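# Descriptive analysis of the structure
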Amino acid sequence: MTNDTKSASQILVLISGSGSNLQSIINACNSGEIRGKVVAVISNVPQVKGLERAAKAKIPNMVVNHQRYSSRSEFDDELCKIINRFNPDLVVLAGFMRILSKDFVKKFEHKMINIHPSLLPAYPGLNTHQRAIDAGDREAGATVHYVTSELDGGPCILRAKVSVHLEDTAADLAKRVLEREHIIFPKVVEWFCDRRITLNNGVVFIDGVSVPKAGLLFEDSSEH
Ligand code: GAR
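Residues numbered from 1 in each chain as written. Predicted model: local features only at pLDDT ≥ 70, side-chain atom pairs only at ≥ 80, totals over all residues. Heavy atoms only, no water.

With that settled, the discussion passes to the site of the ligand. In the neighbourhood of the ligand, the contacting residues comprise Ser18, Gly19, Ser20, Asn21, Gly95, Met97, Ile115, His116, Pro117, Asp152, Leu178 and Glu181. At 2.9 Å, a backbone N or O of asparagine 21 approaches an oxygen atom of the ligand. Within the complex, the protein chains bury 84% of what would otherwise be the 450 Å² of accessible surface of the ligand. For the shell around the ligand, the secondary-structure elements that each account for two or more residues are helix 1 (20-30), strand 5 (112-116) and helix 6 (170-193). Considered class by class, the residues forming the shell around the ligand number four nonpolar, six polar and two charged. (Near = heavy atom within 4 Å. Polar contact = N/O pair within 3.5 Å; in protein donor to acceptor, adjacent residues only side chain to side chain. Areas by Shrake-Rupley, 256 points an atom, 1.4 Å probe, with all protein chains shown as cover. Helix = DSSP H or I, 4+ residues; strand = E, 2+ residues; numbered from the N terminus. Nonpolar A, V, L, I, M, F, W, Y, C, P; charged D, E, K, R; others polar.)

Have a look at this one:
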């Protein structure tokens, strides 16, 4: 079967904020780069810009506010129930800032990916850019990876590097990294929807070839 005869993948996106990565995925679906469709957007935070972006693109969107649940598992159960209604092929965490329980992650094993603003395994968690600056790193970046129950610890697929400039603030660096995020995240979604990526025993394969533990490196001549 050629890629052309495969049906478009159903993509569900989880967000917590601005949703600029969501936008990059919507754009790539609209341009046909991604052979897929964003079928729903769910935010755990009400009234964020990402929800407006989804509404503008006429994508069903909803809030599952974690503050309304008395425990993590109650929130995760509800989120899982709603996700399953859409029966997605791929669940994308695009700036989704909630830790998900082991049980939840298990349910979407092999079909849930995240983007993290660091060159993993460096700096899992928060404040990645400030931590890179404080450490005197010359390079920073972002990594797209499969989600496992280890925080920002799943198998890496693709990463992009940017240089850290001497005068950089965390905000400067975040802005430059985000530009790269908007390239590598849709690229991985595209590969996933074309069924080019698989995960086998913790090893990522692209077109049947294993990728290095740190993920493939996105090379871009416009990097500065
Ligand atoms: C992005 O920089 C993303 O890498 C980060 O949140 C931002 C969301 O921006 N995610 C994490 O830190 C997850 N650990 P966006 O809402 O504009 O896409």
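Applying the stated rule across the entire model yields seven salt bridges. When the shortest N-O distance is used, the salt bridge between glutamate 139 and lysine 161 registers 3.5 Å. Here lysine 161 lies in strand 7 (residues 156-163) and glutamate 139 lies in strand 6 (residues 139-146), a separation of 22 residues in the sequence. Exposure remark for glutamate 139: the relative accessible area of 40% places this residue in the partly exposed category. Residue lysine 161 is classed as partly exposed on the basis of its relative accessible area of 25%. With its nearest N and O atoms 2.6 Å apart, the salt bridge here joins aspartate 168 to arginine 176. A relative accessible area of 10% places aspartate 168 in the buried class. (Salt bridge = Lys/Arg side-chain N within 4 Å of Asp/Glu carboxyl O. Buried < 20%, exposed > 50% of the residue type's maximum accessible area, 1.4 Å probe, protein only.)

Close inspection of predicted coordinates is inappropriate in any region flagged by low pLDDT. Per-residue pLDDT for the protein has a mean of 95; in total, 96% of the residues score no lower than 70. Of the regions scoring below 50 in pLDDT, residues 1-5 engages in four contacts with residues more than four places distant in sequence or in other chains. (pLDDT = per-residue confidence, 0-100. Contact = heavy atoms within 4.5 Å.)

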